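# Survey of secondary and tertiary structure
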Amino acid sequence: MIRQAIGAAVALALLATPAGAQTVSGYQPQDEDERGLWMVMDEYERQLQRSNFFMRDPGLNAYVNEVFCRIAGDQCEDIRIYIVRTPYFNASMAPNGVMEIWSGLFLRVRNEAQLAAVLGHEFTHYRNRHSLQMFRTVRDRTNVMSFLGIGLFVAGGGLLATAGQLAMISSLFSYTREMEREADTESVRLLVDAGYDPMAASRIWAQIRDERDARAEDRGHDGRGEDAIFGTHPLSEDRMVDLRMLAEAAGEGGERYRDRYTLMLAPHWQAIVDDQINLNDYGATRHLLDALAADGWTAELRYAEAELMRRRGETGDFNAATRSYEAALLMRPDMAEAWRGLGYALLRLDRQEEGRTALRQYLALRPDAEDAAMVAMLAGVTS
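What you are looking at is a predicted structure, and each value in this text was computed from that prediction instead of being measured.

## Side note on the overall build of the protein chain
The helix and strand tally for the protein chain stands at 18 helices and 5 strands. When the 383 residues of the protein chain are sorted by exposure, 51% land in the buried category. The long-range fraction of contacts in the protein chain, counting pairs at least 24 apart against all pairs at least 6 apart in sequence, stands at 64%. Counting only carbon and sulfur atoms, one obtains 52% of the accessible surface of the protein chain, whose full area is about 17,900 Å².

Here is the structure:
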């Protein structure tokens, strides 16, 4: 039904959109198919604006836009950025000037320079009209209405796509090797011009490759087929080498701005980590936490580690989770969620009184929590 509605919208666009319609960036769609594509992308943007998954926090959006404008210069005014709460690594640009960033990217980016590297890469795809070139290629291979009908699935105000649909979209928008090389080369130049560390581009893609390999090892295969999880970006060793060479040729210097990136992410970090844990992707999540802890374990990281173990629930996991919760609470005794998790883990270990005591501590710190009634029942608290 939704696909039929989108097809009808495209048909109307072909009839109603005036020839030579102007876009935000000044580019004029060249034919009826492109005008139809623009209408679908405009509708997609309207759905993004209404979506429950659109992260509207003013501080986060202002920060990301500031980084992007530092990279894009005058053209930053042409772009509308939407941060969507989706626990995968991806950033993409539509030809009508909409950039979509998935929140899982922030968990995988270590500093502002790496964020800028991803934004610069996507901006180059947009500026060089790569998605339009791929659209024309796909249009020549398949029915344009079928092409335009994929991807928009609306439910409860959110934008949903199944794993199969994501793989299909990734396949359709997979840029050529030359396009990726252009985007990589230009992203390094943009980093240098903006005063960022040029090695950031190489590091971010190497980190993504390492996560892919960790997932594959945990699942017992060689990693082929995993790249769809990371959007349309190839993760070949040749690409890593080329990026390192580009950065080395650019010379040393440039800023990473790790502290202000961490400060920006802090209010959203717990939700982003919880979303990752809810994927039940143990190998990748374990790798991410270990990588983030390379400079030292924090209370938040120990809590995330504990949650990962408790939710997996295999032999020995509840004992390991208990130790990690306790480590988090040594650093932050006021971390209510750690008390709750500790209580749940202790109850599963049949340490009933200790578990109830921990849950009561959670209630003392969060008396108005949404789950207070359920936790009170488990804690044996009577009104």
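## Some points on the nonpolar core
Soluble, globular proteins show a tendency: their nonpolar side chains are buried together. Counting residues in each nonpolar core, the largest one holds 72 residues, and the members touching the most others are Val 64, Phe 68, Ile 101, Leu 105, Phe 106 and Leu 115. If one sorts the elements of this core by residue count, helix H5 (residues 112-127) sits on top with 8 residues. Once you skip the residues sitting within four places of it in the chain, Val 64 turns out to touch Ile 81, Ile 83, Ile 101, Phe 106 and Leu 119. By size, the runner-up hydrophobic cluster in this structure holds 14 residues, among which are Trp 38, Leu 48, Ala 94 and Val 98.

## Quick notes on the confidence of the model for the protein chain
Overall, the predicted model of the protein chain reaches an average pLDDT of 81, with 79% of residues at or above 70. Here residues 1-25 scores under 50 on pLDDT; set against residues more than four positions off or in separate chains, the count is 42 contacts. When the criterion is pLDDT under 50, residues 144-171 qualifies, and its contacts beyond four places in sequence or with other chains add up to 59 contacts.

## Details of the state of the cysteines
One pass over the full model with this rule turns up 1 disulfide. With its sulfur 2.3 Å from that of its partner, Cys 69 forms a disulfide with Cys 76. Taking the torsion about the S-S bond as the criterion, the Cys 69 to Cys 76 disulfide, at about 85 degrees, is right-handed. Exposure remark for Cys 76: the relative accessible area of 15% places this residue in the buried category.

## Details of the sheet that holds strand S3 (residues 98-102)
If you walk across this open sheet you meet the 3 strands as S1-S3-S2, and the pairing is mixed. Here the strands that pair on one side only, and so sit at the sheet edges, are strand S1 (80-84) and strand S2 (91-93). Across the sheet, the mean angle separating the axes of adjacent strands is 15 degrees when strand polarity is ignored. Of the pairings in the sheet, the one linking S2 to S3 comprises 3 bridges and is antiparallel in character.

## What about the environment of Arg 177?
Structurally, the position occupied by Arg 177 is in helix H9 (residues 177-193). Spatially, the C-alpha atom of Arg 177 lies 9.7 Å from that of Arg 239, the residues being 62 residues apart in sequence.

## Notes on the environment of Leu 301
With respect to the element layout, Leu 301 can be found in helix H14 (residues 299-312). Setting aside residues up to four positions removed in sequence, Leu 301 forms contacts with Trp 269, Leu 289, Leu 292, Ala 293 and Gly 296.

## Regarding the side chain of Glu 112
Summarising the element assignment, Glu 112 is placed in helix H5. At 2.7 Å, the side chain of Glu 112 forms a polar contact with the side chain of Tyr 63. If we skip the residues at most four places from it in the chain, Glu 112 touches Tyr 63, Val 67, Arg 70, Tyr 196, Arg 256, Tyr 257, Arg 260 and Tyr 261.

## Thoughts on a nonpolar patch on the surface
On the surface, a nonpolar cluster with roughly 310 Å² of combined accessible area is contributed by Met 374, Met 377 and Leu 378. Under the relative-accessibility criterion, Met 374 is labelled partly exposed at 45%.

## Overview of the packing of H14 against helix H16 (residues 336-348)
Contact geometry of H14 with H16 gives a least axis separation of 10 Å together with a crossing angle of 30 degrees. What the angle tells us is that H14 and H16 run roughly parallel. Read as a crossing pair, H14 and H16 show a hand that is left-handed. For the pair H14 and H16, the contacting residues are Tyr 303, Glu 307 and Arg 310 in the first and Glu 337, Ala 338, Arg 340, Gly 341, Tyr 344 and Ala 345 in the second. Along the lines of polarity and charge, the residues of the contact of H14 with H16 split into 4 nonpolar, 1 polar and 4 charged.

## Describing H14
Helix length check: H14, at 14 residues, gives a terminal C-alpha distance of 20 Å against a target of 20 Å (1.5 Å per residue), a fit within 8%. When you tally the buried positions in H14, you get 10 out of 14 residues, the bulk of the element. Residues Ala 299, Leu 301, Tyr 303, Ala 304, Glu 305, Ala 306, Glu 307, Leu 308, Met 309 and Arg 310 constitute the buried set of H14. Close packing links the buried residues of H14 with helix H12 (258-277), helix H13 (282-292), helix H15 (317-331) and H16. Once H14 ends, the next one or two residues include Gly 313, with phi positive near 70 degrees.

## Brief notes about the pattern of salt bridges
Following the criterion strictly, the structure yields 33 salt bridges and no others. Here Arg 256 makes a salt bridge to Asp 197, at a shortest N to O gap of 3.1 Å. Here Asp 197 lies in the loop between H9 and helix H10 (200-219) and Arg 256 lies in the loop between helix H11 (237-250) and H12, a separation of 59 residues in the sequence. The class of Asp 197 is buried, set by a relative accessible area of 8%. Between Asp 371 and Arg 340 there is a salt bridge whose closest N-O contact spans 2.8 Å. You can see Asp 371 sitting in the loop between helix H17 (352-365) and helix H18 (372-379) and its partner Arg 340 sitting in helix H16, a full 31 residues away along the chain.

Thresholds, definitions, all that
Residues numbered from 1 in each chain as written. Predicted model: local features only at pLDDT ≥ 70, side-chain atom pairs only at ≥ 80, totals over all residues. Heavy atoms only, no water. Helix = DSSP H or I, 4+ residues; strand = E, 2+ residues; numbered from the N terminus. Buried < 20%, exposed > 50% of the residue type's maximum accessible area, 1.4 Å probe, protein only. Contact = heavy atoms within 4.5 Å. Areas by Shrake-Rupley, 256 points an atom, 1.4 Å probe, with all protein chains shown as cover. Core = buried A, V, L, I, M, F, W, Y, C linked by side-chain atoms within 4.5 Å. pLDDT = per-residue confidence, 0-100. Disulfide = S-S within 2.5 Å. Pairing = 2+ DSSP bridges. Axes fitted to C-alpha atoms, helices over the stretch in contact; angles between N-to-C directions. Polar contact = N/O pair within 3.5 Å; in protein donor to acceptor, adjacent residues only side chain to side chain. Patch = residues over 30% accessible without salt bridge, like charges linked within 9 Å, V, L, I, M, F, W, Y side chains within 5 Å. Salt bridge = Lys/Arg side-chain N within 4 Å of Asp/Glu carboxyl O. Parallel < 35°, antiparallel > 145°, perpendicular 65-115°, else oblique. Left-handed = near helix turned anticlockwise from the far one by under 90°. Nonpolar A, V, L, I, M, F, W, Y, C, P; charged D, E, K, R; others polar. Expected span 1.5 Å × (residues − 1).

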